[in-house]
Amino acid sequence: MDSNAAALSVPELDSLRTVAGTMIPADAALGVPGADDPAILHDIARSVGRDLLLVRQALAEIEAKSGGAFAALDRDQREALINGYYAGGGAAIVALGRLILGAYYRDDRVLLSLKQEPRAPFPKGYTLEQGDWSLLDAVRGRAPLWRDDRKELAT
Amino acid sequence: MSGNERVDVLIIGSGASGAAVAWSLAETKMRILCLEQGDWMKSTDFPTNGRNWEARRYDDFDIFPNRRGRDTDYPVNDDNSPMKVANFNGVGGGTVIYTAHWPRMHPSDFKVKSLDGVADDWPIDYWTLERFYEENDHMMGVSGLAGDPGVPPRHPPMPPIPLGKTGSHYGKAMNKLGWHWWPSDTTIATTPYEGRAQCINLGHCTPGCAQGAKASTDITYWPLAIRAGVELRTRCRVREITTDEHGMASGAIYYDAEGKEQFQPAEVVIVACNGVGTPRLLLNSASGKFPNGLANSSGLVGKNLMLHPWPMISGYVEETLDGGKAPITNLWSKQFYETDRSRGFVRGYTLQFNRGMGPANQAITSAVTGQLPWGHEHHRVYREMFEHRVGIGVACDDLPEEHNRVTLDPVLKDSNGIPAPKIDYAISDNTRRMMEHGIARAEEILTAAGATRLYCSRTALNSPGHLLGTARMGTDPERSVVNDWGRCHDVKNLFIVDGSVFVTGGGVNPTSTIQATALYIADQMKQRLANLFD
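Here the structure is a predicted model, which is why all the values come from computation and not from measurement.

**A short note on the overall build of chain B**
Reasoning step 1: The helix and strand inventory of chain B stands at eleven helices and 17 strands.
Reasoning step 2: For 534 residues, the compact-globule estimate of 2.2 N^0.38 gives 24 Å, and the C-alpha radius of gyration of chain B, at 22 Å, lies within 12% of that figure.
Reasoning step 3: A total of 534 residues make up chain B; the buried ones form 68% of that total.
Reasoning step 4: Of all intrachain contacts in chain B linking residues separated by at least 6 positions in sequence, the fraction that spans at least 24 positions is 73%.
Reasoning step 5: When the accessible surface of chain B is split by element, carbon and sulfur atoms take 48% of a total near 16400 Å².

Structure below.
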């Protein structure tokens, strides 16, 4: 996957940093980094994989929509551009969004802020409570809902 | 082309149906060989082993072959379909990447013409399959709760998956409305079962279970079939079924792992390649004697494709629920399954109640639906959603129509140069009315559950695209491809055992019925061994 990080050019990586930080900014109150955090950005870049062409396309289109000066826009302008572009759909920006979210929401700091254990599900797994089985008493003993073809077709 | 030793039975495909039929026929002591184009799966390769577990659902474990793109996959041209084809090519087939939801079709599903005046009846009924459903439930290992008034009696060998916070929340809402609900049957082991470990709530069942708690045929039927003498050969991609001068199947030509062309002779050929792969293979097996494709004198090979439209309705409640830390399969409702013409459509649907998602998938899904903004509002909105999600799927009966079909793409080919399937599919007016009815009911339920931010995806992200109906079963050779026990009308030593033979699809996940039908066909073959080709 690291070969894909190399496949993004330095200007593209710079653009990715600005775009990612706009899409998911740091929040000091929550104690979470932005998606432009160096570790997260590295994870994003090395995970581009099969979406390399779409990611390049999305970054290029963002630059084009901002007249080549996305980084120079103020925060509200950058967020409006990204939200408008994303709402318009298209495989490129959806792929870029999926890539950024996938990397961001596996970062230890982000998961801990969400009270999640920063680990793979296997092998420890999780506990699921039984829930309230007495709720099913209202359904038990009801007349059958399914049609019995043997009875219906016999008449 | 090199030669292989002749076998008695050649099975093509090792998924849900191929595995079941192999295991059942093994007791005959015939020489049985199964050719599978994919690999054996390793539980250590499944996504939940690693920190990138959620991302891999969109990568090498995507349910859509065109996205997944493994070298064992073949491409599918589904541009002319609102729903995409889901499959998996490996030992276990689609059972490797299904959700393990385990409803049966209802008795009425087999008699829609007689009961409701639509489509066609199956030549067999539910009661013919009942004992094979039961046998299969024990072979796959089903968890569930007996006594459901919504379905015919069945006897799950393991207790159900806990309701959890999410199921209890749904249950209260359904009781408020007075509607039927019940914990879903599932092939996820809730206790140790036949060498399988019990579920530990990895919460990401679809792209393979690292724990081995989810039943897939590579860990249920296949170990037993192989022990009984069946040979399973992987990385063998069948190009065509060959026929002899008498119009009987003589074997199959396939490409081995090195891409070398091989011929495998056989006395009997059984096709188990799913509702897209099977018609693709039959159409690719056209010859001078069978110019329109093998077993296609009816012209119905590839037609009547049923995909199960599956709207998804989601919302968010204030309470913290189970999130993605448990199987997604939770409850079902049969309240609207059977025909009630006052609703404006015939047949019906199952409502499937799901649990939530992991952190990344929650973000990805809510971003795509436009509910999660980018920028400084992102964190606040995300935290209102994560582990607060409720969602209901509407599993619609999808009646057969001949214009919904699988053909061969004139251009697209797989890596061996074999023509790829092309899908033409449109959702019928009856199904659209059914979908809207189900969406409205799901919104009522979610509202009763206190959910807000309701969102409906009519052809859902990751909708399943079950593959059914393209080589239908029947007694009339002009209106069906196989007879009432799975033998092709045109080729008397060629059998089809997968979802292709379905006459109707019901409003349920089909794997349970696919396997019950395969076991029934195998049983019929065993009873008729002395005069199988008469």
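Still more ground to cover, so stick around.
**Some points on the packing of helix α4 (residues 52–65) of chain A against helix α6 (residues 91–104) of chain A**
Residue and element names in this part refer to chain A.
Reasoning step 1: For the pair α4 and α6, interaxial distance at closest approach is 8 Å and the crossing angle is 105 degrees. When the axes of α4 and α6 are compared, the pair comes out roughly perpendicular. Across from Leu 54, Val 55, Gln 57, Ala 58, Leu 59 and Ile 62 in α4, the residues of α6 making contact are Ala 91, Ala 92, Ile 93, Ala 95, Leu 96 and Leu 99.
Reasoning step 2: For the contact of α4 with α6, the residue count by class is eleven nonpolar, one polar and no charged.

**Some thoughts on the sheet that holds strand β5 (residues 182–183) of chain B**
Residue and element names in this part refer to chain B.
Reasoning step 1: A sheet is described by the order of its strands in space; here six strands give the open sequence β5-β11-β12-β13-β10-β16, paired in antiparallel fashion. Looking at strand neighbours, the two that pair on one side only are β5 and β16 (452–457), the edges of this open sheet.
Reasoning step 2: Pairing between strand β11 (residues 329–333) and strand β12 (residues 349–354): four bridges, direction antiparallel. Counterpart to Leu 331 in the pairing with β12 is Phe 353.
Reasoning step 3: On top of the sheet, helix α5 (residues 164–177) reaches β11, β12 and β13 (389–396); it is set at about 15 degrees to β11, its chief contact.
Reasoning step 4: Docked against the sheet, helix α10 (residues 429–448) engages β10 (312–316), β12, β13 and β16, running at close to 155 degrees with respect to β13.

**Digging into the nonpolar core**
All names here are of chain B.
Reasoning step 1: In this structure, Ile 241, Ile 270 and Leu 494 are the most contacted members of the largest nonpolar core, which totals 95 residues.
Reasoning step 2: Looking at this core element by element, the count peaks at eight residues for helix α11 (residues 511–527).
Reasoning step 3: Look past the residues within four positions of Ile 241 in its chain and what remains in contact with it is Ile 12, Ala 249, Gly 251, Ala 252, Val 269, Val 271, Leu 281, Leu 282, Ser 285, Leu 294 and Leu 494.

**Notes on the UniProt feature "domain: Glucose-methanol-choline oxidoreductase N-terminal" (unreviewed entry) in chain B**
Reasoning step 1: Per the UniProt record, "domain: Glucose-methanol-choline oxidoreductase N-terminal" (unreviewed entry) is found at residues 199–309 of chain B.
Reasoning step 2: Between the first and last C-alpha atoms of residues 199–309 of chain B the distance is 29 Å; the span itself is 16% helix and 25% strand.

**Thoughts on the pattern of salt bridges**
Reasoning step 1: Evaluated as defined, the whole model comprises 52 salt bridges over all chains.
Reasoning step 2: Between Arg 140 of chain A and Asp 137 of chain A there is a salt bridge, with the nearest N and O atoms lying 3.5 Å from each other.
Reasoning step 3: Note on Arg 140 of chain A: relative accessible area 38%, which makes it partly exposed.
Reasoning step 4: Where Glu 267 of chain B meets Arg 6 of chain B, a salt bridge forms, and the shortest distance between an N and an O atom there is 3.4 Å.

**Considerations on the interface of chain A and chain B**
Reasoning step 1: Counting residues at the interface gives 60 residues for chain A, matched by 73 residues for chain B.
Reasoning step 2: Roughly 5700 Å² is buried in total at the junction of chain A and chain B, and carbon and sulfur atoms are behind 63% of that figure.
Reasoning step 3: Here Lys 165 of chain B and Glu 129 of chain A are joined by a salt bridge, their closest N and O atoms 3.4 Å apart.
Reasoning step 4: Scanning the region where chain A abuts chain B turns up 30 residue pairs in polar contact (both at pLDDT 80 or more).
Reasoning step 5: Elements that contribute at least two residues to the side of chain A that touches chain B include exactly α2 (10–23), α5 (75–87), α6, α7 (108–113) and α8 (149–154) of chain A.
Reasoning step 6: Of the residues in the side of chain A that touches chain B, the class split is 30 nonpolar, ten polar and 20 charged.

Conventions we followed
- Residues numbered from 1 in each chain as written.
- Chains lettered and ligands numbered in written order.
- Predicted model: local features only at pLDDT ≥ 70, side-chain atom pairs only at ≥ 80, totals over all residues.
- Heavy atoms only, no water.
- Helix = DSSP H or I, 4+ residues; strand = E, 2+ residues; numbered from the N terminus.
- Rg over C-alpha atoms; globule rule 2.2 N^0.38 Å.
- Buried < 20%, exposed > 50% of the residue type's maximum accessible area, 1.4 Å probe, protein only.
- Contact = heavy atoms within 4.5 Å.
- Areas by Shrake-Rupley, 256 points an atom, 1.4 Å probe, with all protein chains shown as cover.
- Axes fitted to C-alpha atoms, helices over the stretch in contact; angles between N-to-C directions.
- Parallel < 35°, antiparallel > 145°, perpendicular 65-115°, else oblique.
- Nonpolar A, V, L, I, M, F, W, Y, C, P; charged D, E, K, R; others polar.
- Pairing = 2+ DSSP bridges.
- Core = buried A, V, L, I, M, F, W, Y, C linked by side-chain atoms within 4.5 Å.
- UniProt positions renumbered as here; feature names shortened; annotations may be inferred.
- Salt bridge = Lys/Arg side-chain N within 4 Å of Asp/Glu carboxyl O.
- Buried area = accessible area lost by both parts, 1.4 Å probe.
- Polar contact = N/O pair within 3.5 Å; in protein donor to acceptor, adjacent residues only side chain to side chain.

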